[in-house]
Amino acid sequence: MCNGSVLVLVPIVALLFSCKFTQVICAVDFCTDDNTLNYESHLQTDQPISRQEFGIGRHMKRLQCCAKNYQSILWFKEGKPYPWKEETSNFIIDAKSNNQSIKVQSLSREDGGIYSCVIISADSQRVTHQISLKVFDSGYSGMPMHTFIEPRNLAVHTGSGLRLYCEAFVGKIDLPDAQNKINWFKVGVNDTFSSMSNNSQWQLDKIVKDDGLTLGLYLVTDNVKDTDLGEYVCSVSNAADQITQVRTKLIDTDSGRLVVYLAICVSFVVLGAVIYLFCRKYVYDIRACMRQYTTFEKYDDNKDYDVFILYEMQEVQFVSDVLIPALNNVHDYALSSQLLRNDVAIDMECRTRIAASRCLLLVLPSPRHNQDREQFSQNLLTASNLHNKVICLIVQENDTDEKLYQAELTKFAKRLTFVQVSAKKEDWSRLWHFLRLHLSTNKKIFSTINSKRYSTVNDKNAASVYML
C-alpha cells in the first residue's frame, strides 16, 4: 500500500511499482501526475485545487497549487508572503515541486488559516487561489468532509475526454482493521448505484494524501458516450462507516445550451406575463402619466371647471357620495354639477357652466325596458349637443341587459365616450383609472391635497358646485 510516508526498508522502485499498478497515486506525485486532459499553451491549473483543507496536529500536511505553463508561483498566508516566521506558519516550499507545493512534517495549530497561491505566467498573467486550512488538535472521527467536488451540473462533449475528481478528509481512527473508502457510482433507475470500478471504459485513479488522512479519486475516460450522460455519485466512508456523498450530473453541451435557451425563453415569457398583468392593472395610470408629461394643454382657455357632471335622479347618491369626492378631493379636479330632470329643460345658466367646463360627464343608469331606453337615447342626444367632449358613465345594475341599449351606444359612438361601471364598490378602481385618462390633463393629477368646497344653489334643479 502506498501512502505519504515511505518506510526506510521499502525500496523506491517497489513503491513506484505499487503506485502504478494498483492505481494509487502518492501524495508527493499529485502535481506531476498526468491526469490533465487537452493541455493548452496558456496559463492553466493542472490538478484540482481544494478550497478547504483539514489536518491533524503532529501529522504531515501538504498544500498543492498545481499549474501548467507558468513562470513562477508565489505563496501567501493571510496576506503575508513566504517565507514565514514560526508564529505565522511552519510550512515550507517543497523544492522538488517547483513551488507548486508547501509542506510541514508536524502540523500545529498556528499553521491553520487562509493560504493563497498566485500563479504567474511569462506574460505576467496571474491566477490566484485561496485555500482555507483547519487544524484539529488531536484526531478526527467525525463525518468525512469533502475538500473538492465537481459542479452539480457539468456540460460535456460526447466523443471527448473527461476527468472527474472527488476528494475528502476522512481523519484517522486507531483501530487495527480501520479502513477508509472512496468510490464513484453511476445512478441508475430508481436511484440505484452502479460502481464505476466495474466499467472498463472508465479508469479510477486513487489519491492518498497526508498520511492517509485525505483521499481523492479520479474518474477518467478518453471518450464520453451518450450512454455515459447522467448522474454520478462520489461516496466517501471512514473507518466508523460514516458516509458522505456528492452528486454530479453530466449533460451534453448541446442539451446544456438548449436548457439555457429554454430557461431564457421561460424567463422572457414570465417577464412578459408580469409586465402584461402589471400594465393591464395599471394601464390607465401609465397612460395618464404619459399623457400628463407628453401632452401640452393650454390652461389659459378661460374655463372655470375641469369637469361638469350631469346626472339623473337615480344616481344622486353615487354622484354625491362617490364620484364628486373622488374627483375633487383625491384627484383635485374643479367640478360643477347639475341634476338632469326629464320634465325640466336645461336652462341658460346651466348651459353657461357647461360651456365653461373642459369636459361634460354624463351619469346615467342603464335602461331596464324600452321606455327607459327612449329616455336614455334622448339624454345622449341632449348631452351631445351641449359639449364637444362628452363622457357617458353608465351605472349598471345586476338585472341589466346590455343588448337593450347596444344600438344607442353604436349610434353615438363617434360623438361620445362610453364607460360602463358596476354598482359594486369593488369594481370602481378601474373607473378612476379610465376617468383620469379621458378627462382633461390636470397639473395636479396625482395630488392628494383636499380642495376647498363652495356650495351654491342656482335654482331648484341645481346641485352643489365644487371648485378650487
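Described below are features of the structure shown in this document. (Residues numbered from 1 in each chain as written. Predicted model: local features only at pLDDT ≥ 70, side-chain atom pairs only at ≥ 80, totals over all residues. Heavy atoms only, no water.)

Next up on the list: the overall build of the chain. Tallying secondary structure elements over the chain gives seven helices and 25 strands in all. Expressed as a percentage of its 468 residues, the buried residues of the chain come to 47%. For the chain, long-range pairs separated by at least 24 residues make up 71% of all intrachain contacts whose partners lie at least 6 apart in sequence. Summed over its atoms, the accessible surface of the chain is roughly 25,700 Å², and 54% of this surface lies on carbon and sulfur atoms. (Helix = DSSP H or I, 4+ residues; strand = E, 2+ residues; numbered from the N terminus. Buried < 20%, exposed > 50% of the residue type's maximum accessible area, 1.4 Å probe, protein only. Contact = heavy atoms within 4.5 Å. Areas by Shrake-Rupley, 256 points an atom, 1.4 Å probe, with all protein chains shown as cover.)

Here the focus is the sheet that holds strand β24 (residues 390-396). The parallel open sheet is built from five strands, whose spatial order is β22-β21-β23-β24-β25. At either margin of the open sheet sits one strand with a lone partner, and together these are β22 (335-339) and β25 (416-422). Along the sheet, successive strands turn relative to each other by an average axial angle of 20 degrees, direction set aside. Its contacts with the sheet put helix α3 (residues 316-330) on β21 (307-311), β22, β23 (360-365) and β24, and the angle it makes with β21 is roughly 170 degrees. Strand contacts of helix α4 (residues 348-355): β21 and β22, with the helix running at about 145 degrees to β22, the strand carrying the most contacts. (Pairing = 2+ DSSP bridges. Axes fitted to C-alpha atoms, helices over the stretch in contact; angles between N-to-C directions.)

Within this structure, the stated rule accounts for twelve salt bridges. Residues lysine 61 and glutamate 53 are paired through a salt bridge, measuring 2.7 Å at the closest nitrogen-oxygen approach. Glutamate 53 shares its class with lysine 61; the two are buried. Salt-bridge contacts for aspartate 306 lead to arginine 358; the nearest nitrogen and oxygen are separated by 2.6 Å. Taken together, the residues span a long stretch of sequence, with aspartate 306 in the loop between α2 (253-294) and β21 and arginine 358 in the loop between α4 and β23 at a distance of 52 residues. A relative accessible area of 6% means that aspartate 306 is categorised as buried. (Salt bridge = Lys/Arg side-chain N within 4 Å of Asp/Glu carboxyl O.)

Bringing the pairing of strand β18 (residues 214-221) into the picture now. With eight of eight residues buried, β18 is to be regarded as a mostly interior element. Every second residue of β18 is oriented toward a common face, with Thr214, Gly216, Tyr218 and Val220 on one face and Leu215, Leu217, Leu219 and Thr221 on the other, all of them buried. In this sheet, β18 lies alongside strand β14 (residues 162-169) in antiparallel orientation, the contact comprising eight bridges. Counted as the bridge partner of glutamate 167 is glycine 216 from β18. Pairing geometry for strand β17 (residues 203-209) and β18, over seven bridges, is antiparallel. Residue pairing for β18: valine 208 is matched across the bridge by leucine 215. Hairpin connection, β17 to β18: the antiparallel pair is bridged by four residues, and aspartate 210 has positive phi, about 55 degrees.

Note that asparagine 183 resides in strand β15 (residues 181-187). Asparagine 183 gets classed as buried once you look at its relative accessible area, which sits at 17%. Of the polar contacts made by the side chain of asparagine 183, one reaches the side chain of serine 195; its length is 3.0 Å. (Polar contact = N/O pair within 3.5 Å; in protein donor to acceptor, adjacent residues only side chain to side chain.)

With that settled, consider the sheet that holds strand β20 (residues 243-252). Ordered in space as β13-β20-β19-β15-β16, the five strands form an open sheet in which the pairing is mixed. Looking along the sheet, the strands with just one partner apiece sit at the ends: β13 (153-156) and β16 (193-195). Pairs of neighbouring strands in the sheet enclose a mean axial angle of 35 degrees, with direction left out of account.

It is worth spelling out the nonpolar core at this point. Within soluble globular proteins, side chains that are nonpolar tend to cluster in buried spots. Among the nonpolar cores identified, the biggest contains 26 residues, and Ile309, Leu323, Leu361, Val363 and Leu435 are the most heavily contacted of them. Among the elements of the structure, β21, α3, β22, β23, β24, β25 and α7 (429-438) are those that each provide at least two residues to this core. Ranked by residue count, the leading element in this core is α3, at seven residues. Once you skip the residues sitting within four places of it in the chain, valine 363 turns out to touch Ile309, Leu310, Tyr311, Glu312, Glu315, Phe318, Val319, Leu323, Leu393 and Val395. Formed by 22 residues, the second largest nonpolar core is a distinct cluster that contains Ile182, Leu219, Val224 and Tyr232. (Core = buried A, V, L, I, M, F, W, Y, C linked by side-chain atoms within 4.5 Å.)

Moving on: α3. Helix length check: α3 (15 residues) gives 20 Å between terminal C-alpha atoms against 21 Å at 1.5 Å per residue, within 8%. Just downstream of α3, aspartate 332 is the residue with a positive phi angle, here 65 degrees. (Expected span 1.5 Å × (residues − 1).)

For the bond from tyrosine 82 to proline 83, the omega torsion is 0 degrees, close enough to zero to count as cis. Position of proline 83 among the secondary structure elements: in the loop between β7 (80-81) and β8 (92-93). One non-glycine residue, asparagine 69, lies in positive phi territory at about 60 degrees. Relative to the helices and strands, asparagine 69 is located in the loop between β5 (67-68) and β6 (72-77). Judged by its relative accessible area of 38%, asparagine 69 is partly exposed.

Turning next to the packing of aromatic side chains. Overall, the coordinates contain 13 aromatic pairs when judged by the stated rule. Relative to phenylalanine 136, the ring of phenylalanine 54 has its centre 6.2 Å away and its plane inclined at 25 degrees; by these criteria the two rings are stacked. Of this pair, phenylalanine 54 sits in strand β3 (residues 52-56) while phenylalanine 136 is found in strand β11 (residues 126-136), placing the two residues 82 residues apart along the sequence. Looking at phenylalanine 54, the relative accessible area reads 8%, which means it is buried. With a centroid separation of 4.8 Å and 35 degrees between ring planes, the pair formed by phenylalanine 136 and tyrosine 140 is classed as tilted. For phenylalanine 136, a relative accessible area of 16% gives the class buried. What links up through ring pairs into an aromatic cluster is the set Phe54, Phe136, Tyr140 and Phe169. (Phe/Tyr/Trp six-rings, centres within 6.5 Å; stacked < 30°, edge-to-face > 60°.)

Before going further, it helps to examine helix α5 (residues 370-386). The end-to-end C-alpha separation of α5 is 25 Å, in line with the 24 Å expected for 17 residues at 1.5 Å each. Turning to α5, its buried residues number three or more, namely Phe376, Ser377, Asn379, Leu380, Ala383, Ser384 and Leu386. Turning to α5, the residues buried within the fold contact β21, α4, β23, β24, α6 (406-411) and β25.

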